[in-house]
Amino acid sequence: MKIYNKIFVSLGSSLITLMLVFGGYSIYAEDNYYDFQSSGPNFYDVFDAYNGEMNALFNDKISQLNELVEADDFYSNPEKRAKFLPPSSIDPTKDDTATIVQKCGQDNLSTYCVSIEALERYVVYVKTLQNIRGQIDTSLIGLIPLINVLDNSAKNDEKIDEEIAKAKVVMEATVAAYNEYRLAYPVHKKYQLIATDLIKYKLALKDIRKQVTQFPIEFIDATSSQVP
Amino acid sequence: MKKQIKKTSAKGFFYYSFVGMVFGVLAALGLIWQNPGYDNKAVAYESWWNNFLASADRDSFDWRDVFNPFGTSERGGDLYNLIYKKLNRSAEKSALKDTANNFGLNTQEATAILDGSVSVLLNQRNVDTNTSQGEAVKIIADLQSNYADLYDLYQIQQEIDVTVANSELFANGDLSDSGFDLVYDLSKIEEILFVESTDSTLGQDFKGAYDSPYNPVDPLVQDDFYVDSPAPDGLLETGGITTPGGAVEVPDDGFFETVETGLTAESEDEIRAAETVPEVLPSDVCADLTASTFTAALDSFGEQNAALDSNDAGGDGAVAGDEAGGSGSDDADDDGDGGDDGDDGFDNSGSDLVLVKPAAKGDWLKVWCPGMPDPSSPLFAGVAAAGLKSVSGANPTLAFTGASAGVSTGAFAAKASVCFNVELIKKRVSSYQPGDSCIACEVAQINELLNKTISHSLVPSKVSGNLLESTKYKSAGALLNFQFVTIWNPVPTPSNDEAIFGNNVFEEWNKFADRYQPLLIGDLQYETSDGPTQSDNYLLELETLSAPDNLGQADLFKRLQKTRDKYKAKAAFDVEQFDLGNDLTNQLTYSQEVLKEVKQMNALFKNFRGTFDKINTEALDYIVNKPNLD
């Protein structure tokens with residue numbers, strides 16, 4: 001076997017294996033996997049990761065929204081404006097949240113898609129919290145009395161219940177604020193464009209007015225010697 | 001040999017394929033490790049909580065910090081954190097802070113006491129060392145209750161803020177909280193359109209709002225909390241608070257009004273002595289207005305006025321009677337001059353009080369000079385007689401010139417220094433200013449200019465060259481398009497009196513007579529020596545007289561006919577001769593007339609030509625060379 005054949009066979013084999021393994025993983029992997037799912041079993045770690053991801057999600061959406069609205073061709077480009085509407089392929093009666101999130105994609109900025117994406121995270125967050133509910137932090141066993149370990153576990157459970165309710169309220173309020181901003185900011189930019197155009201119109205009228213100011217002088221009692 | 005080679009090749013193929021598969025699996029695991037989730041685009045944050053606290057616990061972390069940052073690209077950043085803070089952090093933090101303040105603690109101490117730490121409470125300097133455990137527990141319970149109340153209030157406040165604020169944040173007329181505002185944008189558009197924008201009440205204080213709105217989370221001072229305060233019981237009962245400056249804040253409709261006592265507190269006793277404890281009525285009692293000082297003041301004012309009026313009336317009679325021989329009367333009060341008639345307008349030494357009364361109704365058009373008598377009143381005449389020699393007219397301004405004649409100038413200046421004529425002039429002015437510019441202003445101005453333009457005749461004018469020549473362009477379509485052309489030397493044209501020649505009057509008569517046989521034409525008579533006779537009878541009589549005797553009747557008629565024919569022929573010849581001669585005369589006359597007309601026409605044409613030459617040389621050259629109007 002020549003050296004080229006050896007290299008060719010090895011590369012081909014590795015590529016095929018790579019596609020099979022990663023492709024299979026991608027197909028059978030969970031559709032939405034978030035960092036906070038693997039942050040447990042400590043409640044604070046899950047809590048910290050979830051809120052960080054939620055903050056990052058809204059930061060990302062608002063940043064995209066700012067960039068989109070501030071683009072010069074936002075109001076003239078239907079594709080860009082379409083990002084403010086949920087995709088028509090979504091069927092809320094049949095699609096689950098994961099499918100809707102997938103259809104929305106990363107660049108859809110409609111409140112519906114953003115809220116569904118946040119809801120999907122929240123649902124996974126609640127599931128994750130439910131999974132770690134009742135768990136005992138075994139790393140503390142031996143370091144502190146067992147009763148305290150159990151007490152900590154009970155306190156964690158209380159905080160988990162409280163956090164589930166709080167997180168929902170925060171998510172809803174943030175979506176509401178995002179919706180207001182999504183509505184108001186494009187309108188503000190449009191108002192700015194209208195004001196700019198009106199100023200141009202006003203200046204044009206001003207020029208016309210300056211011309212018209214000469215009309216009474218030009219046309220009233222105008223006398224010339226050049227006509228019969 | 002070949003089999004050996006094939007075995008070796010197959011073995012090598014599987015070997016290298018296996019090696020490739022191992023590498024492929026390793027690479028796949030590396031990818032999975034790097035990208036464990038199919039749709040996981042989120043970035044894991046290290047210690048979000050620490051970052052959150054770093055920003056959330058800042059005093060400035062509010063809506064304005066999220067939506068109105070320094071960079072517009074950062075607008076909206078950390079919105080989730082802000083809402084999380086408002087819903088889950090602010091209430092707790094504010095309630096803890098206020099509770100700690102209420103109890104004279106810091107937040108750490110308050111937190112420890114809220115958790116039930118009695119030792120922290122007992123170690124406070126302002127707690128009596130003899131405080132029992134039960135009393136300490138009671139204080140802790142009070143503190144926890146206070147914290148719970150405040151927390152609920154702050155929590156409601158924050159929930160309302162989160163629920164309501166984001167819906168009005170971008171349309172409340174305030175730019176500071178969100179960086180932009182739709183109401184502000186509309187007002188700017190309105191300003192561009194109409195210069196003036198309508199004031200928006202959005203985001204503004206309610207007009208009838210209190211200056212200091214009641215904050216539901218303000219400390220409730222009437223509660224008997226653990227406060228190390230020297231406030232006396234009386235103040236606590238009435239809701240008053242003592243401030244360090246010695247002032248007492250007295251509750252007034254739920255708010256505090258500071259009453260300066262003017263004393264500096266040297267000791268607690270002095271403070272207590274200086275404080276004005278308001279009277280607390282046991283029940284709502286309406287004060288008796290008749291006995292109030294306000295009513296008494298009104299009565300006193302009325303009495304003083306009545307006394308002054310009576311003095312004025314007496315002064316009128318006395319002084320006017322002295323100076324004007326009793327002609328002065330109280331009429332001066334009624335004439336509406338509003339002057340101080342008691343002093344006669346000049347002597348002010350008798351009284352320090354001057355009553356200035358308004359003019360009577362209906363007299364506002366009159367000249368009104370406070371301190372001067374009415375020029376139309378007898379009192380004014382009395383004044384003139386007393387010494388103002390130059391004051392002879394009704395115009396009070398003359399009094400200034402005559403002031404030196406016999407009247408004190410100072411008194412005059414004090415009493416009649418200035419007279420004002422007040423005229424209210426209403427004039428409608430345009431709101432348009434040259435410096436201002438708006439679309440409506442420009443359109444209005446254009447309309448005004450166009451109206452002014454088209455309200456005049458726009459038929460172009462020209463410099464007129466001739467007398468009575470229109471100054472309008474002749475081709476400009478004027479309403480009356482007169483085209484007068486006057487000439488300096490009018491050309492006389494011949495009169496329309498041409499004679500008509502060409503027909504013989506006698507032939508025309510014969511034709512007329514033959515054609516129409518006019519009545520009695522046969523009765524025409526010849527003038528004979530015997531008088532007029534008819535033609536036929538005359539001829540017959542003439543032939544009869546001249547005919548021989550043997551001539552018969554027939555012959556006679558023949559001769560008669562012959563004679564008639566001869567005369568007729570002769571007459572025809574004469575007529576023909578006359579016609580010929582007459583024709584020649586007529587032609588000659590006609591030729592002469594035509595010649596005369598031709599001569600006149602020649603002269604006329606010469607005149608026209610001369611006129612045209614004059615117009616060309618004198619008028620047209622002048623018009624052509626006349627400069628244009630710039």
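Treat the numbers as computed from the prediction; the structure is a model and nothing was measured. (Residues numbered from 1 in each chain as written. Chains lettered and ligands numbered in written order. Predicted model: local features only at pLDDT ≥ 70, side-chain atom pairs only at ≥ 80, totals over all residues. Heavy atoms only, no water.)

S.K.: So what's going on with the overall build of chain A? Which residues, and what values?
M.R.: Looking only at helices and strands, one finds seven helices and one strand in chain A. Listing each helix as α and each strand as β along chain A from the N terminus yields α-α-α-α-α-α-α-β. Look at the contacts in chain A between residues 6 or more apart in sequence, and 66% of them connect residues 24 or more apart. For chain A, the exposed surface amounts to about 12,300 Å²; the carbon and sulfur share of it is 58%. (Helix = DSSP H or I, 4+ residues; strand = E, 2+ residues; numbered from the N terminus. Contact = heavy atoms within 4.5 Å. Areas by Shrake-Rupley, 256 points an atom, 1.4 Å probe, with all protein chains shown as cover.)

S.K.: Which residues make up the overall build of chain B, and what values do they have?
M.R.: On a plain count of helices and strands, chain B comes out with 21 helices and six strands. Counting only residues that meet the buried cut, chain B has 27% of its 630 residues in that class. A fraction of 51% describes how many contacts in chain B between residues 6 or more apart in sequence connect residues 24 or more apart. Carbon and sulfur atoms make up 57% of the accessible area of chain B, which amounts to about 42,900 Å² in all. (Buried < 20%, exposed > 50% of the residue type's maximum accessible area, 1.4 Å probe, protein only.)

S.K.: Now, about unusual backbone geometry: what can you tell me, with residues and values included?
M.R.: The backbone of D78 of chain B sits at a positive phi, close to 60°, despite the residue not being glycine. Residue position: D78 of chain B is located in the loop between α3 (63-67) and α4 (79-88).

S.K.: Describe in detail the state of the cysteines, supporting the description with residues and values.
M.R.: All names here are of chain A. By the definition in use, this model includes two disulfides over all chains. Disulfide pairing is shown between C104 and C113; the S-S distance is 2.0 Å. For the disulfide bridge between C104 and C113, the dihedral angle about the S-S bond is near -75°, and by the sign convention the bridge is left-handed. Assigned by exposure class, C104 and C113 land together as buried. (Disulfide = S-S within 2.5 Å.)

S.K.: How would you explain a negative patch on the surface if you had to name every residue and give the values?
M.R.: All names here are of chain B. A surface patch of negative charge is lined by E507, E508, E576 and D583. For the negative patch, the secondary-structure elements that each account for two or more residues are α19 (505-516) and α21 (553-625). For E508, the position within the fold is in helix α19. E508 gets classed as partly exposed once you look at its relative accessible area, which sits at 36%. (Patch = residues over 30% accessible without salt bridge, like charges linked within 9 Å, V, L, I, M, F, W, Y side chains within 5 Å. Salt bridge = Lys/Arg side-chain N within 4 Å of Asp/Glu carboxyl O. Lys, Arg positive; Asp, Glu negative; His and termini not counted. Charge placed at Lys NZ, Arg CZ, Asp CG, Glu CD.)

S.K.: Quick rundown of the pattern of salt bridges? Include the residues and the values.
M.R.: Side chains that carry opposite charge are capable of pairing whenever their charged atoms lie near each other. Residues and elements named next belong to chain B. Using the criterion set out here, one finds 15 salt bridges over all chains in the structure. Between K138 and D142 there is a salt bridge, with its nearest N and O atoms 3.5 Å apart. In this pair, K138 and D142 both sit in helix α8 (residues 133-168), four residues apart, roughly one turn of the helix. Note that E191 is salt-bridged to K188, the shortest N-O span being 3.6 Å. Separated by three residues within a single helix, E191 and K188 lie in helix α9 (residues 182-194), roughly one turn from each other.

S.K.: Give me the confidence of the model for chain A: which residues, what numbers.
M.R.: Confidence along chain A averages 83 in pLDDT terms, with 90% of residues attaining 70 or more. Looking over chain A, one finds the lowest element-wise mean pLDDT in strand β1 (residues 223-224) of chain A, namely 66, and the highest in helix α5 (residues 111-132) of chain A, namely 89. (pLDDT = per-residue confidence, 0-100.)

S.K.: Tell me what's going on with helix α2 (residues 48-56) of chain B, and back it up with residues and numbers.
M.R.: Within α2 of chain B the residues assigned to the buried category are W48, F52, S55 and A56 of chain B. Buried residues in α2 of chain B, looked at end-on, bunch into an arc of 90°, giving them a common side. In α2 of chain B, the exposed residues that point more than 90 degrees away from the buried face are N50 and A54 of chain B. Check the buried side of α2 of chain B and you find it contacts α2 (43-70) of chain A together with α4 of chain B. (Arc of directions from axis to C-beta.)

S.K.: Tell me about the side chain of Q158 of chain B, and please be specific about residues and values.
M.R.: Relative to the assigned elements, Q158 of chain B resides in helix α8. Setting aside chain neighbours within four positions, we find Q158 of chain B in contact with K86, S90 and A91 of chain B.

S.K.: Give a description of the environment of A82 of chain A that names residues and reports values.
M.R.: Residue and element names in this part refer to chain A. Position of A82 relative to the elements: it lies in helix α3 (residues 78-82). For A82, a relative accessible area of 39% translates into the label partly exposed. C-alpha of A82 to C-alpha of S110: the two residues are 28 residues apart in sequence and 8.9 Å apart in space.

S.K.: Pulling in residues and values, what's your account of the environment of F103 of chain B?
M.R.: Residues and elements named next belong to chain B. Tracing the backbone shows F103 in the loop between α5 (90-102) and α6 (107-114). The class for F103 is buried, based on a relative accessible area of 3%. C-alpha of F103 to C-alpha of I139: the two residues are 36 residues apart in sequence and 9.4 Å apart in space.

S.K.: Please set out the packing of helix α6 (residues 146-213) of chain A against α9 of chain B residue by residue, giving values where relevant.
M.R.: Contact pair α6 of chain A / α9 of chain B: the axes reach a minimum separation of 10 Å and the direction vectors enclose 10°. Between α6 of chain A and α9 of chain B, the crossing angle belongs to the class labelled roughly parallel. Here A184, V187, H188, Y191, I194, A195, L198, I199 and K202 of chain A of α6 of chain A come into contact with α9 of chain B, specifically with L182, D185, L186, I189, I192 and L193 of chain B. Of the residues belonging to the contact of α6 of chain A with α9 of chain B, the class tally is 12 nonpolar, one polar and two charged. (Axes fitted to C-alpha atoms, helices over the stretch in contact; angles between N-to-C directions. Parallel < 35°, antiparallel > 145°, perpendicular 65-115°, else oblique. Nonpolar A, V, L, I, M, F, W, Y, C, P; charged D, E, K, R; others polar.)

S.K.: Run through the packing of aromatic side chains, naming residues and quoting values.
M.R.: The final tally for this structure, using the stated rule, is 19 aromatic pairs over all chains. The interplanar angle of 10° and the centroid separation of 5.2 Å between the aromatic rings of F170 of chain B and F180 of chain B together place this pair among those described as stacked. Separated by 10 residues along the polypeptide, F170 of chain B in the loop between α8 and α9 and F180 of chain B in the loop between α8 and α9 bring together distant segments of the chain. The exposure class of F180 of chain B is buried, given its relative accessible area of 1%. Taken together, the ring pairs connect F43, Y44, F47, F58 and Y178 of chain A together with Y80 and Y84 of chain B into an aromatic cluster. Over the ring of Y75 of chain A we find K190 of chain A, and its NZ or CZ is 4.7 Å from the ring centre. (Phe/Tyr/Trp six-rings, centres within 6.5 Å; stacked < 30°, edge-to-face > 60°. Lys NZ or Arg CZ within 6 Å of the ring centre and 35° of its normal.)

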